[in-house]
Amino acid sequence: MKILIFTASAGNGHNSTAKRIKEKFLKEQPNSQIEIVDMYKSYASKLKAWSMEGGYFWLCKNWVSLYNMCFKTQENVKFSNRDKFSANKETYSMLNGMAKKIFDFKPNLIICTYIYAAIAITNIKRAYNIPAKVACMTLDYGISPYWECTCSGLDYMFLTDDYMIQPFIERGFNNSQLYVTGIPISYEFYKQRNKQECRKLLGLDENLFTIIVMKASFFQIKEHDLIKAFSKVNQKIQLVIVNGNDEPSRKLINKYIKKYNLTHKVFNIGYTNQIPEYFAASDLIVGKAGGLTVTETLASGLPSLIVNKLPQQEIYNKQYLINNGCALPVTSKTLCNTINSLLNDKNKYQDMVFNTLRIRKFNVIDKIYDILKDIPAAVYSDLEFKDTKRETIKKINKRRQKQIHMQFKLNKKV
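Since this is a predicted model, take the numbers as computed values, not measurements.

### A short note on the sheet that holds strand E11 (residues 304–306)
1) Next: Here we have six strands laid out as an open sheet, ordered E9-E8-E7-E10-E11-E12, and parallel in their pairing. Each of the sheet's edge strands pairs with one partner strand only, and the pair in question is strand E9 (265–269) and strand E12 (327–329). Along the sheet, successive strands turn relative to each other by an average axial angle of 15°, direction set aside.
2) Next: Across five bridges, the pairing between strand E7 (residues 210–214) and strand E8 (residues 238–242) is parallel. Looking across to E8, one finds that Ile212 is bridged to Val240.
3) Next: Together, E8 and E9 form the strand contacts of helix H11 (residues 247–259), whose direction differs from that of E9 by roughly 160°.

### Considerations on a nonpolar patch on the surface
1) Next: Together, Trp58, Trp63, Leu66 and Met69 make up a nonpolar patch on the protein surface, roughly 450 Å² of accessible area in all.
2) Next: Inspection of the secondary structure puts Trp58 in helix H3 (residues 46–62).

### Focus: the packing of helix H1 (residues 13–28) against helix H17 (residues 364–372)
1) Next: It is at 10 Å that the axes of H1 and H17 come closest, and there the two elements cross at 60°. The angle between H1 and H17 places the two elements in the oblique class. Viewed along their axes, H1 and H17 form a crossing whose handedness is right-handed. Here H1 contributes Arg20, Ile21, Lys24, Phe25 and Glu28 to the contact with H17, which in turn contributes Ile365, Asp366, Tyr369 and Leu372.
2) Next: Here the residues of the contact of H1 with H17 sort into five nonpolar, no polar and four charged.

### As for the layout of surface pockets
1) Next: Considering only enclosed or pocket space, the second largest pocket measures out at about 330 Å³ in volume.
2) Next: Around the second largest pocket, the lining comprises 21 residues; the ones closest to its centre are Arg193, Lys195, Ala280, Ser300 and Gly301.
3) Next: Every element with two or more residues in the lining of the second largest pocket is listed here: helix H12 (275–281) and helix H16 (346–359).
4) Next: Considering every element that reaches the lining of the second largest pocket, the biggest residue donor is H16, with four residues.
5) Next: Its residues placed into classes, the lining of the second largest pocket shows ten nonpolar, five polar and six charged.

Calculation rules
- Residues numbered from 1 in each chain as written.
- Predicted model: local features only at pLDDT ≥ 70, side-chain atom pairs only at ≥ 80, totals over all residues.
- Heavy atoms only, no water.
- Pairing = 2+ DSSP bridges.
- Helix = DSSP H or I, 4+ residues; strand = E, 2+ residues; numbered from the N terminus.
- Axes fitted to C-alpha atoms, helices over the stretch in contact; angles between N-to-C directions.
- Contact = heavy atoms within 4.5 Å.
- Patch = residues over 30% accessible without salt bridge, like charges linked within 9 Å, V, L, I, M, F, W, Y side chains within 5 Å.
- Areas by Shrake-Rupley, 256 points an atom, 1.4 Å probe, with all protein chains shown as cover.
- Salt bridge = Lys/Arg side-chain N within 4 Å of Asp/Glu carboxyl O.
- Parallel < 35°, antiparallel > 145°, perpendicular 65-115°, else oblique.
- Left-handed = near helix turned anticlockwise from the far one by under 90°.
- Nonpolar A, V, L, I, M, F, W, Y, C, P; charged D, E, K, R; others polar.
- 1 Å grid on protein atoms, 1.4 Å probe; cavity = no way out; pocket = protein on both sides within 12 Å on 5 of 7 lines; lining within 4 Å.
- Points joined across faces, edges and corners; volume = space filled by probe spheres on them.

Written out as structure tokens, the structure reads:
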């Protein structure tokens, strides 16, 4: 099997998913040839590549309301007008490089772990004969704008849950393209682990109610407010705070632990590769609502307290968990009372645990692999790609509008 995976560094989930898929195929088919390509780092300008990674994090940290306003504006565009979306033009500078890579590598299967990669491949297929099958997947629990731009280019669209089927059909997809699998995460989060044994392994107290705080990028509760809130929790607990590579934040937290004379048992750590073990050792998580993190907490049977001021796609993830009884929303002002409420009401907490276990999905990578594993070799009639960037864009612009409208009308009839 020859597989080309296009990803992007807009958050860590897209790259992580690409690696998981590669690992699975190599485990089952060791002779496979698989390449992972970051489309922005490989084919976009340095400025555009930065805006997709560093710019995204900066915007979500400092101007998340502006990001969300733009997100909601695009959601309100009619599906039938999707040929006018700026999302198509967003990919134009990368199309020629991506097309050359496809014809050089000649994959049987192209997998996109990022929506703009799927948009780019859809545009490329409008101008060139690409015999490879193309697959993509949702990595959130809401439906982002722009999936409308990909309906004519994908053979396999892997969805998070059943409720997405009808909205995707309304966006121009047909049933034969849609597969409900869930979001692929590491097998480590599905392992059955004994809570006390995990706590012993990690050097934690085996008997204390344990809360883990995942201080990921643009975590909106400040260090001072976080520790102040925990200082008012009225039962003794065990607290694990994961700061990742943010050493200044870890030092600030140590400072406020001393200031408030925190009596809880606290493990204030930096980066760790033992997140599955820490999740298994914990009873509750405080964090954001990234698609993969949400899925990892569900797989671990871990109820969530989710902070506010999130990017729009994470707001949808948060709402999904709340609607299913797996999570509660918190702010710096309500965090303490919410934790006290759960500690004092064991039935309420156990209901959240039950709901978390009820909706989790198992072995998503296996399901995706089973669907894609037997794709036959693709025969490329065009053995060499010679078009310039200008010629590539000209061909795509000529065919894009007509093909989009035809596909939309066809799928609406179906």
